[in-house]
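Structure assessment
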Amino acid sequence: MIDINELLFSFSKSLDLIHKNFENHSLTVTYGSLRLSKALNRQDIDDNLLFKAAVLHDVGVVFLRSNNIVGIFEERAEDLASHEKLGGEYLANFDYFKDIAGIVRHHHTNFSENVDIHSQIIHFVDRVCVNIYKDRMTYGDIPFVKKRLKIFIENKKKLFNPAIYEVFFDTVYDDSEFWFYILFPNNISYDYLRKNFGLKLTVTDIYGAMPLIQFFGDVINNHSKFTRYHSERVRSIASVLCRELGLAREETMKVITASFLHDLGKLAVPVEILDKEQKLTEAEFDLMKLHPLVTGHIISEVKGFEDVKVYAENHHEYLDGSGYPFGIKGEDISLGSRIVTIADIVASFMENRPYRKAFTVEESVKLISEMAASRKIDSDLVSYLFKYKEVFHELKNVDGRIKL
Ligand SMILES: [Fe+2]
Ligand SMILES: [Fe+2]
Ligand SMILES: [Fe+2]
């Protein structure tokens, strides 16, 4: 059984890897928003909605380049405006997130009675967190950081709801527990938030969690302009292989989940490297090679996703040991991982990359046959896939969906 909020909380941490300024940002804004809401104690605040909006409030940054991300922290008006608009409009495309799209759309909008109270809270806490984390701090810096924060917020007083401003400085500001969690954000666990801020337990199985899993697959796709629909293509091919192998429903769902999430760690790779047209330098390629480990790290936080983690983390391993990050080989690479690996290779052959054009169906079939012949990838799986050569043609569809 999966707690859907816990899954959202864990996956949203991948957004905090997107730029050094973002370190723990969604995490601390989520904690701070819930903490402030508790102090405000108002009937019109829904903490579950606030949680959901706060963890994803900056999802719009996946569409931005690094210098525009910096702009959000340096308070450049155009960067503040663009990422809240991109994020709000993006979330509105997903049924599961329609209820927070408007909140995210206005999380940098200046106070007026017309602005949703949840947006007002996130707006205030976001600026508090941006100021607090200007520099690295230790325990001894807290008095200085508190003073600096007070001046910073006072100068912007007219941007915020006066009721929020007052309650923050009357209660939260002098709460040592607040400063403890701000100083050691790794202690902000989902369990802590749930127990202390009355978050609903919303339990489901992996089928019920699929809209969320699919959403994060799509978030990753959008980080680079070359990977639009990539995770959907990987999912399509993996589904065909699972069906041909006669895998049980539960195992199939694990493979599909890993297919959507395999590149989660790419959010940690700067978009300038992902989209680079020239050959990557050795140092850049080393960075790139970290992404499966980061994927594994994020997924490892989710209880019940142990197999999914392995399948996703091993999607660049080859049977002959020449893959990465572990260089494991043969029997050490599970069937689920082999499926995701082949699906990822086939999907990427069908797509343009910054350094090459998409291969034709014939070229792809040839390249995959060669990889199977040299025992890099599982030749049995490849022959299953070749029973359906039309898969390759369907993958050329714009959205990567196949109808077999
Ligand atoms: Fe923001
Ligand atoms: Fe933010
Ligand atoms: Fe990858």
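What you see is a predicted model, and the numbers here were worked out from it, not measured in a lab. (Residues numbered from 1 in each chain as written. Chains lettered and ligands numbered in written order. Predicted model: local features only at pLDDT ≥ 70, side-chain atom pairs only at ≥ 80, totals over all residues.)

**Considering the overall build of the chain**
Across its full length, the chain holds 22 helices and two strands. The globule rule puts the C-alpha radius of gyration for 404 residues at 22 Å, and the 23 Å found for the chain is close to it. Expressed as lengths along the three principal axes of its C-alpha atoms, the size of the chain is roughly 70 × 45 × 40 Å. Residues classed as buried in the chain amount to 42% of the 404 residues present. (Helix = DSSP H or I, 4+ residues; strand = E, 2+ residues; numbered from the N terminus. Rg over C-alpha atoms; globule rule 2.2 N^0.38 Å. Buried ≥ 20, exposed ≤ 12 C-beta atoms within 10 Å, placed from the backbone.)

**Here's the deal with the domain arrangement of the chain**
Here the chain is partitioned into domain 1 (2-204) and domain 2 (210-395). The greatest single-element share of the side of domain 1 that touches domain 2, amounting to five residues, is contributed by helix α1 (residues 4-12). Tallied by class, the residues present in the side of domain 1 that touches domain 2 amount to 13 nonpolar, three polar and three charged. (Domains from an automatic or database assignment. Nonpolar A, V, L, I, M, F, W, Y, C, P; charged D, E, K, R; others polar.)

**What about the nonpolar core?**
The nonpolar side chains of soluble globular proteins are, as a tendency, buried together. One finds F216, A238, V340, A343 and V346 to be the most contacted residues of the largest nonpolar core, which totals 99 residues. Split by domain, the residues of this core number at least three in each of domain 1 (2-204) and domain 2 (210-395). V340 has contacts with V234, A238, V255, A258, S259, H262, Y311, A312 and H315, leaving out every residue within four places of it along the chain. (Core = buried A, V, L, I, M, F, W, Y, C linked by C-beta atoms within 7 Å. Contact = placed C-beta atoms within 7 Å.)

**Considering helix α19 (residues 335-349)**
A rise of 1.5 Å per residue sets the reference length of α19, with its 15 residues, at 21 Å; its end C-alpha atoms lie 21 Å apart and thus fit the reference within 8%. With respect to burial, α19 is a largely interior element, 13 of its 15 residues being buried. (Expected span 1.5 Å × (residues − 1).)

**Focus on the packing of helix α2 (residues 25-40) against helix α9 (residues 162-170)**
Close contact between α2 and α9 brings their axes to 10 Å; oriented N to C, the two are set at 95 degrees. On the basis of their axis angle, the class for α2 and α9 is roughly perpendicular. Here α2 contributes L36, A39 and L40 to the contact with α9, which in turn contributes I164, V167 and F168. Taken together, the residues that form the contact of α2 with α9 break down as six nonpolar, no polar and no charged. (Axes fitted to C-alpha atoms, helices over the stretch in contact; angles between N-to-C directions. Parallel < 35°, antiparallel > 145°, perpendicular 65-115°, else oblique.)

**Describing the packing of helix α3 (residues 47-55) against helix α6 (residues 98-105)**
Where α3 meets α6, the axes come as close as 9 Å, and the angle between the chain directions of the two elements is 65 degrees. α3 and α6 meet at a crossing whose hand is right-handed. In this structure, α3 contributes L49, K52 and A53 to the contact, and α6 contributes D99, I100, I103 and V104. (Left-handed = near helix turned anticlockwise from the far one by under 90°.)

**Regarding the confidence of the model for the chain**
Of all residues in the chain, 98% attain a pLDDT of 70 or more, and the chain-wide mean is 93. The least confident element of the chain, judged by mean pLDDT, is helix α22 (residues 390-394) at 78; the most confident is α6 at 98. (pLDDT = per-residue confidence, 0-100.)

**Brief notes about unusual backbone geometry**
With an omega of 5 degrees, the peptide bond running from Y324 to P325 counts as cis. Following the sequence through the fold, P325 ends up in the loop between α18 (306-313) and α19. Unlike most non-glycine residues, N41 shows phi in positive territory, near 50 degrees. By the element assignment, N41 lies in the loop between α2 and α3. The class of N41 is exposed, set by 9 C-beta atoms lying within 10 Å. The backbone phi angle of R375 is positive, close to 60 degrees, even though this residue is not glycine. Here R375 lies in the loop between α20 (361-373) and α21 (379-386).

**Re the environment of F169**
Following the sequence through the fold, F169 ends up in helix α9. Overall, F169 belongs to the partly exposed group, with 14 C-beta atoms counted inside 10 Å. For the pair F169 and K366, spaced 197 residues apart in sequence, the C-alpha to C-alpha distance is 66 Å.

**Regarding the environment of P162**
Following the sequence through the fold, P162 ends up in helix α9. You can call P162 exposed: it has 10 C-beta atoms within 10 Å.

**A few points about the environment of V346**
Tracing the backbone shows V346 in helix α19. Linking V346 and K200, residues 146 residues apart in sequence, is a C-alpha distance of 41 Å. Here V346 is in contact with I237, S364 and I368, once residues within four sequence places are set aside.

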